[in-house]
Amino acid sequence: MEKVTIDHREKAYALLKADADKILRLIEVQIDNLTMPQCPLYEEVLDTQMFGLSREIDFAVRLNLINENEGKSLLENLERRLNILHEAAQKSV
């Protein structure tokens, strides 16, 4: 039973990490092709995606699939990467 629990935890973390990576790619595409970071559409997409990911993480924490620190770390890492992307976009304007 312990092996199954570990497998579920690893899979949950991997899925959440993949979702975070998808958000980063979505925002990269949006910046490169569609809108600039000061556009309300950009902010709305970013806010919606981040909210959705935070809810997924909260759900996984409540199921004990990941711990709260892992969830916070995922969000903080994504936010840090998005800030770097945002700053680079601002410099290119």
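Provided above is the structure to which this section pertains.
Description of the structure in this document. Being a predicted model, the structure only gives us computed values, none of them experimental. (Residues numbered from 1 in each chain as written. Predicted model: local features only at pLDDT ≥ 70, side-chain atom pairs only at ≥ 80, totals over all residues. Heavy atoms only, no water.)

Further remarks concern unusual backbone geometry. A negative phi angle characterises most non-glycine residues, just as the trans form characterises most peptide bonds. The phi torsion at Asn 64 lies on the positive side, around 60°, for a residue other than glycine. Mapped onto the secondary structure, Asn 64 falls in the loop between helix H2 (40-62) and helix H3 (68-92). (Helix = DSSP H or I, 4+ residues; strand = E, 2+ residues; numbered from the N terminus.)

Moving on: the pattern of salt bridges. Tallied over the entire structure, the rule returns six salt bridges. Ionic pairing is found between Lys 17 and Asp 21, a salt bridge with its closest N-O pair at 3.1 Å. With a gap of four residues between them, Lys 17 and Asp 21 both fall in helix H1 (residues 2-34), about one helical turn apart. The partner of Asp 58 in a salt bridge is Arg 55, with the nearest N and O atoms 3.4 Å apart. With Asp 58 and Arg 55 both in helix H2 and three residues apart, the pair spans about one turn of that helix. The network of salt bridges with common partners includes Lys 17, Asp 21 and Arg 81. (Salt bridge = Lys/Arg side-chain N within 4 Å of Asp/Glu carboxyl O.)

It is worth spelling out the nonpolar core at this point. Core analysis: the biggest nonpolar cluster contains 20 residues, and Leu 16, Ile 27, Met 50, Leu 53, Ile 57, Leu 78 and Leu 82 have the highest contact counts within it. Counting residues per element, the ones that place at least two in this core are H1, H2 and H3. The dominant element in this core, judged by the number of residues it contributes, is H2, at seven residues. Those residues in contact with Ile 27, other than ones at most four positions away along the chain, are Tyr 42, Val 45, Leu 46, Leu 82 and Leu 85. (Core = buried A, V, L, I, M, F, W, Y, C linked by side-chain atoms within 4.5 Å. Buried < 20%, exposed > 50% of the residue type's maximum accessible area, 1.4 Å probe, protein only. Contact = heavy atoms within 4.5 Å.)

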